[in-house]
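# Structural overview for review
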Amino acid sequence: MRRFYQNSFLIAILLLFSSRILAQTDTLPVSVNPALEDIFNAKYPKQYRIAQITVKGTQAFDHNLIISISGLAVGDMVQIPGTDVFSKAITKLWKQDLVSDVQINFTNLVGNDLSVEIEVTERPRLVQINYIGIKKSERDDLNNKTGLVKDRVITENMRLSAIEAIRKYYYEKGYRNAKIEMTEAQMTGITNAVSITFSIDKGNKVKVNSINFTDNYTQSDLKLKKQMKGTKEMSKITLFPDRVVSPYGDTTKNLSFNEYLKENGYLFPTKTKDFLDPYIRIKLFNSAKFNETKYAEDKNKILDYYNSQGYRDALIVADTQFYNNKGNLNIDIKVNEGRKYYFGNITWKGNTKYSDSLLNIFLGIEKGDVYNQELLDKKLGRQLSAEGGDVGSLYQDDGYLFFRVEPVETAVYNDTIDFELRMTEGPQAVYGKISVSGNDKTKDYVVLRELRTIPGDKFSRSDIIRTQRELAQLGFFNAEKINPNIIPNADNGTVDIEWQVEEKSADQLELSAGFGGGIGLTGTLGVTFNNFSLKNITNKSSWNPLPGGDGQKLSARVQSNGRAYRSLNFAFTEPWLGGKKRNSFSINYFNTKYSNAYDSLGYPCKSCASNSYVKTVGFGIALGKQLKWPDDFFTLIYAVNVQQYKLKNYSNIFKGISTGTSTNISGKLTLLRNSAGPNPIFPTSGSNFMLSSQFTLPYSLIGISSGDANDYKLPEFHKWRFNGEWYVPIGKARGVDKNRQFILRAAAKYGFIGRYNHKLEISPFERFQLGDAGLSNTTALLGYDIIAHRGYPVYSSSDPKVNPDGENPSEYFTIFNKYTVELRYPFSTSAASTIYGLVFFEAANGWYKWKDYNPFKLRRSAGVGMRFFLPMFGLLGFDYGVGFDRYNPQGGLKGAAKFTFMLGQEPE
């Protein structure tokens with residue numbers, strides 16, 4: 001038997017010369033077919049037929065698979081010498097990475113019939129992966145990153161790729177000097193199977209010790225470091241001397257430390273010398289991990305910042321990285337700032353729709369302003385922005401979807417740049433096909449009726465933004481995933497829009513238990529279905545757990561502790577009554593009973609509950625209408641409410657009356673304007689205003705009286721409320737999520753309840769309870785408006801010394817003012833959970849008479865809080881407030897601070 005052996009070197013020779021198949025030439029045994037030797041000794045090529053193909057050495061793979069991959073087949077004609085059939089077969093088997101060695105042997109020759117044997121050595125299978133020197137969580141991460149899969153063959157390339165993946169994993173975590181060793185061992189008892197063990201020594205995490213800039217004469221180190229969002233220095237404490245020398249161009253400034261802090265953006269109160277001497281700068285909680293990719297991005301951000309300051313030629317000449325003796329990184333960045341440029345003459349070309357003067361107003365850039373390419377692009381509308389007020393918005397709000405503008409530098413002289421703004425207005429576009437996708441539960445018509453993008457109407461950028469807000473306000477969809485897929489059709493001047501939405505859980509469940517309030521243990525069960533379908537209530541197949549998809553709201557709530565207290569609430573809202581206009585219809589019903597379940601000694605008393613109680617039953621109907629003027633953010637709501645209060649041997653409500661019935665019938669007119677959004681849970685812009693008037697008939701003036709000793713049988717009053725809220729984004733968005741920026745919320749609230757007949761007392765109904773977290777106490781059964789005031793308990797006097805902590809108010813205010821300023825920052829705005837933190841300052845107070853009213857005499861407080869919105873449970877909130885004007889005879893923070901908790905919705 002003669003053996004045909006081939007390796008990569010021999011393959012190359014064969015392909016080059018294609019003259020003969022190389023074979024071993026050692027002497028053959030006598031028993032071997034002599035004709036095989038003649039194949040290689042022949043002087044002239046000869047044709048042979050492959051009569052038989054066998055496979056040797058394979059255990060894991062089928063023989064037919066090996067033959068099929070090789071491309072050889074019984075009956076093929078081959079010419080020896082001079083063929084490359086066998087070299088190609090070897091190459092094909094090598095490419096599969098299934099074998100580590102391949103040989104083709106000639107085993108027999110009868111006439112022209114040649115028998116061929118494919119001898120292979122299989123690669124080992126990987127059956128076990130081990131890691132030494134790392135945590136379990138890291139092992140789990142690496143299993144997904146190395147690309148190694150158990151029970152598959154392993155190649156040399158896979159080994160190298162796995163090591164590189166591990167190295168990259170730790171490199172990105174800041175371990176730039178990690179050492180990785182891989183060992184391979186044969187598994188006992190398993191044929192051709194191996195285990196791989198990675199021994200990992202992470203070493204110390206490399207952090208950025210310092211970042212130093214040179215030749216930055218006009219921009220301080222601090223300002224440049226602020227641009228580097230992904231590359232931060234280690235937390236440190238730096239001591240400053242009294243005087244700081246800072247280079248500016250060709251001169252130096254000898255600054256006081258106060259001046260240095262002021263120029264570099266520090267907010268230390270350093271006017272008093274005794275405050276801090278020597279001065280200390282403290283940098284805490286910085287992530288100093290070095291990331292090469294983020295560092296490259298940060299260098300571009302430095303150049304962008306220079307460009308925004310007019311230095312369009314700024315360059316980073318060199319950046320040097322070196323390790324200190326602790327293995328941390330020092331970074332030196334040398335810049336060339338170049339000259340500072342200014343805008344020169346700006347001219348318009350190609351504009352026919354709007355005049356140059358109007359476009360200049362929207363542009364807002366004048367000759368002599370500091371050159372800023374980013375600002376120019378933003379004002380031209382070349383950068384997409386929801387704020388509007390730019391040239392692009394002006395055109396796109398009038399249908400010019402295909403509008404384009406190109407700023408061209410026409411002259412650069414000294415430090416001034418002239419621009420020509422070349423415009424292509426294009427035709428006005430109209431909406432074409434409008435579709436919705438992703439609404440698996442919500443019916444199409446519920447989504448379509450909220451759209452401002454109507455087929456045939458002129459395209460408007462404002463319509464797109466308004467529609468996104470309206471869909472988010474529904475609360476059925478993930479506000480961050482509402483995406484208008486705009487498809488322009490330049491050929492026919494139309495634009496198709498596919499509104500892509502993602503459903504989220506909108507229903508809420510309340511299940512809780514609490515203890516206190518003088519009634520003991522109380523259980524609560526409540527459900528709210530925010531996407532209910534009343535018309536499918538009889539369709540059993542639509543119940544999941546109740547029929548949904550029509551955008552209606554249904555809520556029910558039960559509270560009870562047995563004898564002392566129980567409360568039932570039910571409400572239903574149809575937001576589009578009739579289905580053609582945004583006219584809402586709401587009904588609600590409640591039934592509450594509070595019993596005196598204890599005797600005079602404080603012991604539980606079964607008979608007391610039926611002999612001493614106050615029961616409240618009420619219902620209301622409301623009809624809302626969207627207005628067109630002044631704009632369609634306005635809504636007018638008409639409501640009628642009826643409440644009946646029945647007392648039996650209960651003297652804690654009305655003075656001098658323990659048994660009787662009072663019926664409160666009132667009408668209410670409310671004017672709303674809500675443009676806050678786009679996310680109703682975490683608004684980032686817009687405002688929310690409410691003005692309402694609630695009134696009863698003036699019974700005493702028209703001759704209707706109770707006719708008995710109960711002066712409150714038919715209460716009469718007129719009540720006025722005003723709420724105003726503003727949301728303003730502060731600074732630039734942080735991170736990938738564009739909502740990651742500070743939001744300033746400012747709010748003002750006012751309330752007043754009056755009387756028609758000055759001979760009567762102001763009604764005890766519908767007054768204002770101030771203080772605490774905005775939760776009702778157990779005696780607040782007369783329809784009070786509950787106004788939260790963080791940092792204070794519930795109070796009933798404008799003077800804190802009159803109503804110290806621990807005293808329950810006997811009556812509530814007829815006038816109140818409240819002002820709030822909050823700075824919010826979101827940690828998560830996803831559909832699964834919205835989480836944000838806040839710091840607040842509040843000032844509020846209440847009064848009983850106009851002559852005592854003083855809008856500047858307010859109880860002030862400040863503090864911090866957190867909000868968690870979970871779709872299934874609603875809003876959870878925690879606040880820690882310090883009352884600056886709180887009655888605190890003991891002094892200290894503990895006596896002035898109060899922790900409050902809220903559940904369900906944001907209190908007033």
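You'll find the structure just up there.
Definitions and limits used
- Residues numbered from 1 in each chain as written.
- Predicted model: local features only at pLDDT ≥ 70, side-chain atom pairs only at ≥ 80, totals over all residues.
- Heavy atoms only, no water.
- 1 Å grid on protein atoms, 1.4 Å probe; cavity = no way out; pocket = protein on both sides within 12 Å on 5 of 7 lines; lining within 4 Å.
- Points joined across faces, edges and corners; volume = space filled by probe spheres on them.
- Helix = DSSP H or I, 4+ residues; strand = E, 2+ residues; numbered from the N terminus.
- Nonpolar A, V, L, I, M, F, W, Y, C, P; charged D, E, K, R; others polar.
- Axes fitted to C-alpha atoms, helices over the stretch in contact; angles between N-to-C directions.
- Parallel < 35°, antiparallel > 145°, perpendicular 65-115°, else oblique.
- Left-handed = near helix turned anticlockwise from the far one by under 90°.
- Contact = heavy atoms within 4.5 Å.
- Pairing = 2+ DSSP bridges.
- Salt bridge = Lys/Arg side-chain N within 4 Å of Asp/Glu carboxyl O.
- Buried < 20%, exposed > 50% of the residue type's maximum accessible area, 1.4 Å probe, protein only.
- Polar contact = N/O pair within 3.5 Å; in protein donor to acceptor, adjacent residues only side chain to side chain.

## Re empty space enclosed by the protein
The full count for this structure, using the stated rule, is four cavities of 30 Å³ or more. In this structure, the largest cavity encloses a volume near 130 Å³. Lining the largest cavity we find 17 residues, and of these Arg790, Lys818, Glu842, Glu906 and Pro907 sit closest to its centre. Residue assignment for the lining of the largest cavity shows that the elements contributing at least two residues are β33 (742–754), β36 (815–829) and β40 (897–904). Each residue belonging to the lining of the largest cavity can be placed in one class, and the counts come to four nonpolar, two polar and eleven charged.

## Concerning the packing of helix α5 (residues 136–145) against helix α6 (residues 156–172)
Helix packing for two helices is described by the angle between their axes and how far apart those axes are. Running from N to C, α5 and α6 cross one another at 130°; their axes reach a closest spacing of 10 Å. Between α5 and α6, the angle falls in the class oblique. Considering only the axes of α5 and α6, their crossing is right-handed. Judged by residue contacts, Glu138, Asp141, Leu142 and Lys145 of α5 engage Ala165, Ile166, Tyr169 and Tyr170 from α6. Considered class by class, the residues forming the contact of α5 with α6 number five nonpolar, no polar and three charged.

## Quick word on the sheet that holds strand β22 (residues 494–500)
Within a sheet, adjacent strands bond to each other through the backbone by hydrogen bonds, running parallel or antiparallel. Strand order in the open sheet formed by three strands is β20-β22-β21, with mixed pairing between adjacent strands. A strand with exactly one partner marks an edge of an open sheet, and here the two such strands are β20 (430–437) and β21 (483–489). When strand polarity is set aside, the average angle formed by the axes of neighbouring strands in this sheet is 20°. This element, helix α14 (residues 461–474), spans β20, β21 and β22 of the sheet and lies at about 20° to β22.

## Examining the pattern of salt bridges
Throughout the structure, instances matching the rule amount to 37 salt bridges. The partner of glutamate 470 in a salt bridge is arginine 452, with the nearest N and O atoms 3.6 Å apart. Taken together, the positions of glutamate 470 in helix α14 and arginine 452 in the loop between α13 (444–448) and α14 put the pair 18 residues apart, joining distant regions of the chain. Taken as a pair, glutamate 470 and arginine 452 share a single burial class, namely buried.

## Structural notes on the sheet that holds strand β7 (residues 152–153)
Ordered in space as β7-β6-β9-β8, the four strands form an open sheet in which the pairing is mixed. Two strands in the sheet have a free side with no partner beyond their single neighbour: β7 and β8 (179–186). Note that strand β6 (residues 125–132) and strand β9 (residues 193–201) share seven bridges and pair parallel. Its bridge partner lying in β9, isoleucine 129 is registered against isoleucine 196. The sheet strands contacting α6 are β6, β7, β8 and β9, and the helix crosses β8 at an angle near 145°.

## Overview of the environment of asparagine 216
With respect to the helices, strands and loops of the structure, asparagine 216 is situated in the loop between β10 (208–214) and α7 (221–227). For asparagine 216, a relative accessible area of 10% gives the class buried. Here the alpha-carbon distance between asparagine 216 and lysine 334, two residues 118 residues apart in the chain, equals 7.8 Å. Those residues in contact with asparagine 216, other than ones at most four positions away along the chain, are Asp221, Leu224, Tyr306, Val335 and Glu337. Looking at asparagine 216, its side chain comes within polar contact range of the main-chain oxygen of glutamine 219, at 2.9 Å.

## Some thoughts on the side chain of threonine 231
Take threonine 231: it is sitting in the loop between α7 and β11 (236–240). A distance of 2.7 Å separates the side chain of threonine 231 from the side chain of aspartate 298, its partner in a polar contact.

## Some remarks on the pairing of β36
Along a regular strand, successive side chains alternate from one face of the sheet to the other. Of all the 15 residues making up β36, eleven are buried; the element is thus mostly covered by neighbouring parts of the structure. Pairing of β33 with β36 involves ten bridges; the strand directions are antiparallel. What sits directly across from arginine 745, in β36, is glutamate 822. Bridge count between β36 and strand β37 (residues 834–847): 14 bridges; the pairing is antiparallel. Opposite leucine 823, over in β37, you have valine 839 as the bridge partner. Counting the residues in the hairpin turn of β36 and β37 gives four residues.

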